[in-house]
Amino acid sequence: MTKKSNKLQYGFLIDASRCIDCRACMVACSVENNVSMKSTRIWINGTGVVGDFPNLSRYTAPFHCMHCEDPSCVSACTVGALSQDENGIVVYDDDRCIGCRYCMYACPFEVPNMDLTEQFPLIVKCDMCVARLDEGESEPACAATCPTDAIIFGEQEDMLAEAHRRMEEHPGRYVDRIYGEHENGGTSTYYISPVPFEELGFPLAQEEESPAHFNRLVTHGTPTLAAGVAIGMTGIYLTIKRQKEDDKNIDNPVHDEGNMEE
Amino acid sequence: MTNVFSRRDFLKLGSITASALALGQFIPPSVAKAATELGLLDSNGNGYIPSMCEMCVWRCGLLAKVRNGRVVKLEGNPDHPHSNGKLCPRGQSGLMNTYDPDRVLTPLIRVGKRGEGKFRKATWDEALDLVAENMLKIREQYGPEAMVFSSTHNLSQPQFENLLYAYGSPNYGTQRSLCFNAMVTAFLLTYGIEEPARNYDTVEYVILVGRNLMEAVSTSETSALSKAIDRGAKVVYLDPRFTKTAAKATEWIPIRPGTDLAFLLAMINVITSEELADCEFVREHITGCDQIIDVMKDYTPEWAEQITGVPAKRIARIAREYAAAKHNAMVHPGWRTSNFINSFQTERAIATLNGLSGNVLKPGGCLVAENPEASGITLGKPSQPPYPRISALRLDGVPWKYPLVPFKLGVFQELRDAIISGEPYQAHGWFISRQNPIQALPDRTKTLEAFAKMNFITVIDISLNDSAWFADVVLPEASYLERYDPLYVADGKIFIRQPVIEPQGDAKSALWIYKQLGERLGLSDFFQYEDEEDYLRQQLAPLGISLEELKEKGFVEPEIEKPETDEIVFNTPSGKIEVYSETLAKNGFSPWPTWEEPAAPNDDEFYLLTGKVGQHTQFATQNNQLLHKYQDEPRLWMHPDAAKVRGLEDNDLVEVTSEVGKVNIMLQVTQAIRTDCVYMTPGFGHLSKGWTTGYGVGANDSVLHVTYTDPISGGQALSQTFVKVRKGSSHD
């Protein structure tokens, strides 16, 4: 299913052993991408304080779009607002978004979100600061500012290699899993962690196949289905309308017209 | 209810400002024009301008991304040793400090009662005339000592002090005694330096005495510690709280508050009695080497176990591990250590342990006993006459009550108390610049009482913080992205803070405000600079560096011939590290690091702890919407066992009472704290309704803090406040 182009594939490596939960990444992301004060493109996932005093531990890691190799959200988007660019970045066009939230349901990592206080809420998600990269910056805002280099950015292959290198160099420091390597059919964001990812609050994503294929069956089928339903409903509506017009007691027959036609 | 300013509004506001500028101005704004001439901005006004952060006192270098007269993003400057290309969350949020909708953009004159928040807008001439008139009246009627001046660590402070000394007042309140007096006094007496630099390049063993570096983020140092941990360095962290630093430490020791000193003395006992330090080597550089074993003999790990609650074996093991790491070990000097009256002795023990490890003496050692800011660079300054002689006693008791407190540190809390008592004389005016005594000082009720004693209060700030809210005149300062400040020297380089955008409204730089005021006070001779750029040019004159060169790169590295010397001489009376201090003995204090029993709470009370969070700087940033967005709700931490006994549950509203005050706050039940402690994030519970984001959030710690002053260093013992907690009935 992988649709890798010949172009440079970008990726992240995020190391939970280094994250100090300072949230510089979150603020940097909000400023860089003009994110509204009520929504976010990045979270801090964490274990919380675990254990009983004084035997305590706490781990955190920033969490944002994984930029799947075969993104479920893209396959679920009926209007083409979400797409994958040639660098493997899952990008988003808010001029096309209709706020249907299919991508929110499709994403196994629960990444796309929206500010529900907005009048016309649109999807908010990480796009690897694609505009910033296009301007010539070498890293997205989160990775550029991280004071402890818990987030690093580069070529996808290099990120994976670095994850392996750290795990080999420090045996026992990390659990034996690179989150993002196989999840949802493989992603461009790799996590290494001293504690199991379930404990960090990461979505499990046990299915290794991306559901994108099945999504496509639905999303590609949807317009046909929708058109069929619309035609059918219009037919019913017209029939009823004619009947009601025949019946001279109707005051305002067009009241529900809009809804009917949708 | 918090008034949230959405980013979309932010952009809208931007276009309004931009079009207003376009209408009113026929020449391009000078900042953009200068930056374009230097090649920093293109013809469309887009580009990056180097400057320096001011969201805390660490002074990271930054690159401000400017688009058509607006700053849209801040990046860490890779060439600056404090940022190394990174910025912390506060640094990243800096443009929201500048574009805060609550900015004060014209001078304000109070029209209602103090604290009502009723002001009218005024011109600079009217406001400055009014301030000068009152300051002259006070000097004439009561003498210059009746004016109190307050400011906090900032780059324009030399000119603030210039105004204060030229006016002739000895009364100067800074943050120092509320922060690092114990550390600075102890290191001055022991090493002859104020604050040793830390070097993490080869560190193997770090002891942090409450130094919460992962939350009190100092970008380069936090980064260096993190790298050391990643490399495998051991970190032993003493704190009654499981902080984010505790989470990264090799060992977290939830020590009983105020007893860190006993832990450290026992370490000295083990290292000296087992002769783990190289005494021949230490003998050359440390005073009292012959007697130290004997002097420390009673401070056994077993003795310390009784006091600290830390097992003797553990203390002894850590002492041995520390000694084994030799000069690759350090005990971090910290800022405020345990915040008890014995903090000075704690810092003396820290200084001693560093001396014993030899880390300041060896090349590559972890503690650097020289002032890294000086680096042999001497900046010029405008010429000026000598200051008038001051004969009045200082209200803060230095030196007549506190003989060993360095003059520049002072004892701010004592100064506040003298304003209230009127002893030895009454102060009548308060001139405050970039300070917020109402939040900064312990016991807010008392500080408000001191404010009420004043005939006239002036506050210079960028928005209405609590102190400005109670002022008679508020003078709007340009934000750190809108102004010049005097130059800053670090690591052999000279750095500049320069405007990256035009000041909004009528906001002006501190350099301009002090000069204007100086002229109105008849002190023009002390302010011999035309404008900010002229001041900076005079600073650069002796070095033959142009301001343009500095503006373009953000820094210059002048060629300085550093005298090479192998000789190690400390700036103390003996020229050695004074573990034994004759100066202390002469002043009637113990010449050795000595145990002092701290006060302890009753059974029904808790120690009240406060401490930093990564998203805020003291009480200065709670109105920043970006930090507000990503902060944790400030609640009172309590251990579940302590909560259970009191029938309290998570998210209960509780009433916290100390000897001097009471607040209501939501409870956070957590394992991350000792059962005998509660913790609250400082700097919330603001009084000023001029802060629409920060007002009404959390509770204020200053209300609860009791004023206790260490007699040697003058430091405020911030954790020596004990509180009772019970279920609250209603919101404040």
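1. Side note on the overall build of chain A
Part 1 of the reasoning: When helices and strands are counted, chain A shows eight helices and 11 strands.
Part 2 of the reasoning: Here chain A holds 262 residues, and the buried ones make up 50% of them.
Part 3 of the reasoning: Once local pairs closer than 6 in sequence are excluded, the contacts in chain A between residues at least 24 apart make up 60%.

2. With respect to the overall build of chain B
Part 1 of the reasoning: Check the secondary structure of chain B and you find 25 helices and 25 strands.
Part 2 of the reasoning: Looking at chain B residue by residue over its 732 residues, the buried ones come to 63%.
Part 3 of the reasoning: The contacts of chain B with a sequence gap of at least 6 include a subset with a gap of at least 24, amounting to 72%.
Part 4 of the reasoning: Working note: accessible area of chain B is about 27,000 Å², and carbon and sulfur atoms make up 50% of it.

3. Topic: the confidence of the model for chain B
Part 1 of the reasoning: Looking at chain B, pLDDT values average 92 and 94% of them are 70 or higher.
Part 2 of the reasoning: Every residue in residues 1-26 of chain B is under pLDDT 50, and counting partners more than four places away or in other chains gives 32 contacts.

4. A closer look at the sheet that holds strand β19 (residues 555-556) of chain B
All names here are of chain B.
Part 1 of the reasoning: Across the sheet, three strands lie side by side as β17-β18-β19; this open sheet has antiparallel pairing. Where the open sheet ends on each side, the last strands, each with one partner, are β17 (488-490) and β19.
Part 2 of the reasoning: Of the pairings in the sheet, the one linking strand β18 (residues 493-495) to β19 comprises two bridges and is antiparallel in character. Its bridge partner lying in β19, Ile494 is registered against Val556.

5. Re the interface of chain A and chain B
A common way to state how big an interface is: give the accessible area lost once the parts meet.
Part 1 of the reasoning: If you look at the interface, chain A gives 46 residues, while chain B gives 49 residues.
Part 2 of the reasoning: When the buried area of chain A at its contact with chain B is split by residue, Val31, Met37 and Phe53 of chain A rank highest and sum to 21% of it.
Part 3 of the reasoning: Here Arg67 of chain B ties to Glu135 of chain A by a salt bridge, and the two come within 3.7 Å at their closest N and O atoms.
Part 4 of the reasoning: At the boundary of chain A with chain B, the tally comes to 25 residue pairs in polar contact (both at pLDDT 80 or more).
Part 5 of the reasoning: For the side of chain A that touches chain B, the leading source of residues is helix α1 (residues 24-32) of chain A, giving seven residues.
Part 6 of the reasoning: Split by residue class, the side of chain A that touches chain B holds 22 nonpolar, 11 polar and 13 charged.

6. Some remarks on the environment of Pro711 of chain B
All names here are of chain B.
Part 1 of the reasoning: Note on placement: Pro711 falls in the loop between β24 (677-680) and β25 (722-727).
Part 2 of the reasoning: Look at Pro711 and you get partly exposed, because its relative accessible area is 42%.
Part 3 of the reasoning: With 306 residues separating them along the chain, Pro711 and Val405 place their C-alpha atoms 8.7 Å apart.

7. Concerning the packing of aromatic side chains
Part 1 of the reasoning: Enumeration according to the criterion identifies 36 aromatic pairs over all chains in this entry.
Part 2 of the reasoning: Arranged with centres 5.1 Å apart and planes meeting at 80°, the rings of Trp124 of chain B and Trp512 of chain B form a pair that is edge-to-face. Of this pair, Trp124 of chain B sits in helix α5 (residues 124-142) while Trp512 of chain B sits in helix α20 (residues 510-520); the two residues are 388 residues apart in sequence, bridging distant segments of the chain.
Part 3 of the reasoning: On the basis of relative accessibility, which here comes to 24%, the residue Trp512 of chain B falls in the partly exposed class.
Part 4 of the reasoning: Seen in terms of ring centroids, Phe495 of chain B and Phe555 of chain B are 5.7 Å apart; in terms of plane orientation they differ by 35°. Their pairing is tilted. Here Phe495 of chain B, found in strand β18, pairs with Phe555 of chain B, found in strand β19; they are 60 residues apart in sequence, far enough to count as distant.
Part 5 of the reasoning: Overall, Phe495 of chain B belongs to the buried group, its relative accessible area being 1%.
Part 6 of the reasoning: Pairwise contacts between aromatic rings join Phe63, Phe109, Tyr179, Tyr191, Phe197 and Phe202 of chain A into one cluster.
Part 7 of the reasoning: Just above the ring of Tyr529 of chain B sits the side chain of Lys515 of chain B; from NZ or CZ to the centre is 5.5 Å.

8. With respect to unusual backbone geometry
For residues besides glycine, phi is generally negative; the peptide bonds are generally trans as well.
Part 1 of the reasoning: Cis geometry marks the peptide bond from Phe53 of chain A to Pro54 of chain A, where omega comes out at 0°.
Part 2 of the reasoning: Mapped onto the elements, Pro54 of chain A comes out in the loop between β3 (50-52) and β4 (55-57).
Part 3 of the reasoning: Of the consecutive residues Val398 of chain B and Pro399 of chain B, the connecting peptide bond is found in the cis state with omega at -5°.
Part 4 of the reasoning: Within the fold, Pro399 of chain B resides in the loop between β13 (367-368) and α16 (412-421).
Part 5 of the reasoning: Even without being glycine, Glu110 of chain A reaches a positive phi, approximately 55°.

9. Topic: the confidence of the model for chain A
Part 1 of the reasoning: Per-residue confidence for chain A gives a mean pLDDT of 85; residues scoring 70 or more make up 76%.
Part 2 of the reasoning: For the stretch residues 246-262 of chain A, pLDDT sits under 50, and the model shows seven contacts to residues farther than four places along the chain or on other chains.

10. With respect to the side chain of Ser688 of chain B
Part 1 of the reasoning: Here Ser688 of chain B is to be found in the loop between β24 and β25.
Part 2 of the reasoning: Those residues in contact with Ser688 of chain B that lie beyond four places of it in its chain are Leu464, Asn465, Asp466, Trp469 and Tyr695 of chain B.

11. A few points about the side chain of Glu477 of chain B
All names here are of chain B.
Part 1 of the reasoning: For Glu477, the location among the structural elements is in the loop between β16 (473-476) and β17.
Part 2 of the reasoning: The class of Glu477 is buried, set by a relative accessible area of 1%.
Part 3 of the reasoning: Apart from residues no more than four positions distant in its own chain, Glu477 is found in contact with Arg103, Arg434, Ile460, Asp461, Ile462, Arg483, Ala507, Lys508, Ser509, Ala510 and Ile513.

12. Considering the packing of helix α10 (residues 260-273) of chain B against helix α14 (residues 312-324) of chain B
Residue and element names in this part refer to chain B.
Part 1 of the reasoning: Taken N-terminus to C-terminus, the directions of α10 and α14 make an angle of 60°; their axes are 9 Å apart at the nearest point. As the angle between them shows, α10 and α14 are arranged oblique. The two elements α10 and α14 meet at a crossing, and its hand is right-handed. Of the residues in α14, those in contact with Phe263, Ala266, Met267, Val270 and Ile271 of α10 are Ile315, Ala316, Ile318, Ala319, Arg320, Tyr322 and Ala323.
Part 2 of the reasoning: Tallied by class, residues from the contact of α10 with α14 come to 11 nonpolar, no polar and one charged.

13. Remarks on the nonpolar core
Part 1 of the reasoning: One finds Ile207, Phe263, Leu264, Met267 and Tyr322 of chain B to be the most contacted residues of the largest nonpolar core, which totals 94 residues.
Part 2 of the reasoning: If you look at the next biggest cluster of nonpolar residues, it comprises 59 residues, including Cys68, Met128 and Cys142 of chain A together with Ile501 of chain B.

14. Remarks on the sheet that holds strand β1 (residues 46-52) of chain B
Part 1 of the reasoning: Taken together, three strands build an open sheet; the order of strands is β1-β2-β3 (chain B) and the sheet is antiparallel. Lying at the two open borders of the sheet, with one neighbouring strand each, are β1 and β3 (70-76) of chain B. Averaged over all neighbouring strand pairs, the angle between strand axes comes to 30°, with direction disregarded.
Part 2 of the reasoning: As paired elements, strand β2 (residues 61-67) of chain B and β3 of chain B share six bridges and run antiparallel to each other. In the strand pairing of β3 of chain B, Leu62 of chain B is matched with Gly76 of chain B.
Part 3 of the reasoning: Contacts from α1 of chain A reach β2 and β3 of chain B, with the element oriented near 150° to β3 of chain B.

15. A short note on the pairing of strand β15 (residues 456-461) of chain B
In the case of a regular strand, side chains alternate between the two sheet surfaces.
Residues and elements named next belong to chain B.
Part 1 of the reasoning: With six of six residues buried, β15 is to be regarded as a mostly interior element.
Part 2 of the reasoning: Every second residue of β15 is oriented toward a common face, with Phe456, Thr458 and Ile460 on one face and Ile457, Val459 and Asp461 on the other, all of them buried.
Part 3 of the reasoning: Pairing geometry for strand β14 (residues 429-433) and β15, over five bridges, is parallel. Counted as the bridge partner of Ser433 is Ile460 from β15.

16. Structural notes on the pattern of salt bridges
Where side chains of opposite charge bring their charged atoms close, a pairing between them can arise.
Part 1 of the reasoning: Evaluation of the coordinates by the stated rule reveals 62 salt bridges over all chains.
Part 2 of the reasoning: Between Glu321 of chain B and Arg317 of chain B there is a salt bridge whose closest N-O contact spans 3.1 Å. Linking Glu321 of chain B with Arg317 of chain B, this pair stays in helix α14, spanning four residues, or about one helical turn.
Part 3 of the reasoning: Overall, Glu321 of chain B belongs to the partly exposed group, its relative accessible area being 26%.
Part 4 of the reasoning: A cluster of three or more residues bridged by salt bridges with shared partners is formed by Asp15, Arg18, Glu162, Arg165, Arg166, Glu169 and Arg173 of chain A together with Asp230 of chain B.

17. Structural notes on the environment of Thr445 of chain B
Residues and elements named next belong to chain B.
Part 1 of the reasoning: For Thr445, the position within the fold is in helix α18 (residues 444-452).
Part 2 of the reasoning: For Thr445, a relative accessible area of 47% corresponds to the partly exposed category.
Part 3 of the reasoning: Along the sequence, Thr445 and Leu704 sit 259 residues apart, while their C-alpha atoms lie 9.3 Å from each other.

Each value, and the rule that gives it
By convention here, each chain's residues receive numbers from 1 onward along its written sequence. Here chains are named by letter from A upward and ligands by number from 1 upward, in the order in which they appear as written. Local features in this predicted model are restricted to residues whose pLDDT is 70 or higher, and side-chain atom pairs enter the listing and the counts only when it is 80 or higher, whereas totals over whole chains, interfaces and linings include all residues. Note that the side-chain values use all heavy atoms of the structure and ignore hydrogens as well as water. Elements are defined by DSSP. Helices are runs of H or I of four residues or more, strands are runs of E of two residues or more, and each kind is numbered from the N terminus. Using a 1.4 Å probe on the protein chains alone, a residue whose accessible area is under 20% of its type maximum counts as buried, one over 50% counts as exposed, and one in between counts as partly exposed. Note on contacts: a residue pair qualifies if any of its non-hydrogen atoms lie within 4.5 Å across the two residues. Accessible areas in this description were obtained via Shrake-Rupley with a 1.4 Å probe; residue shielding takes into account the shown protein chains only. Within a predicted model, pLDDT stands for the predictor's per-residue confidence, ranging from 0 to 100. Only strands joined by at least two bridges in the DSSP assignment are considered to pair. Simply put, the buried area is the total loss of 1.4 Å probe accessible area from both parts when two parts are fitted together. In the sections that follow, a salt bridge refers to a side-chain nitrogen of Lys or Arg positioned within 4 Å of a carboxyl oxygen of Asp or Glu. Definition of a polar contact: a pair of N or O atoms within 3.5 Å, with one able to donate and the other able to accept a hydrogen when the atoms are protein atoms, and with sequence-neighbouring residues admitted only if both atoms are side-chain atoms. By the convention adopted, Pro, Cys, Tyr, Trp, Phe, Met, Ile, Leu, Val and Ala count as nonpolar, Lys, Arg, Asp and Glu as charged, and the other residues, Gly among them, as polar. To pair, rings of Phe, Tyr and Trp, with the six-membered ring standing in for Trp, must have centres within 6.5 Å; the planes then decide the type, stacked if under 30 degrees apart, edge-to-face if over 60, and tilted in the middle. Note on criteria: charge over ring means Lys NZ or Arg CZ within 6 Å of the ring centre, with the direction from the centre no more than 35 degrees off the ring normal. Every angle, taken between N-to-C directions, lies between 0 and 180 degrees, and every axis is a line fitted to C-alpha atoms, over only the stretch in contact when it is a helix. Roughly parallel here means an angle under 35 degrees, roughly antiparallel means over 145, roughly perpendicular means 65 to 115, and every remaining angle is called oblique. With the far helix as reference, a near helix turned anticlockwise by less than a right angle produces a left-handed crossing, and one turned clockwise produces a right-handed crossing. In this text, buried Ala, Val, Leu, Ile, Met, Phe, Trp, Tyr and Cys residues form a nonpolar core when linked through side-chain atoms within 4.5 Å.

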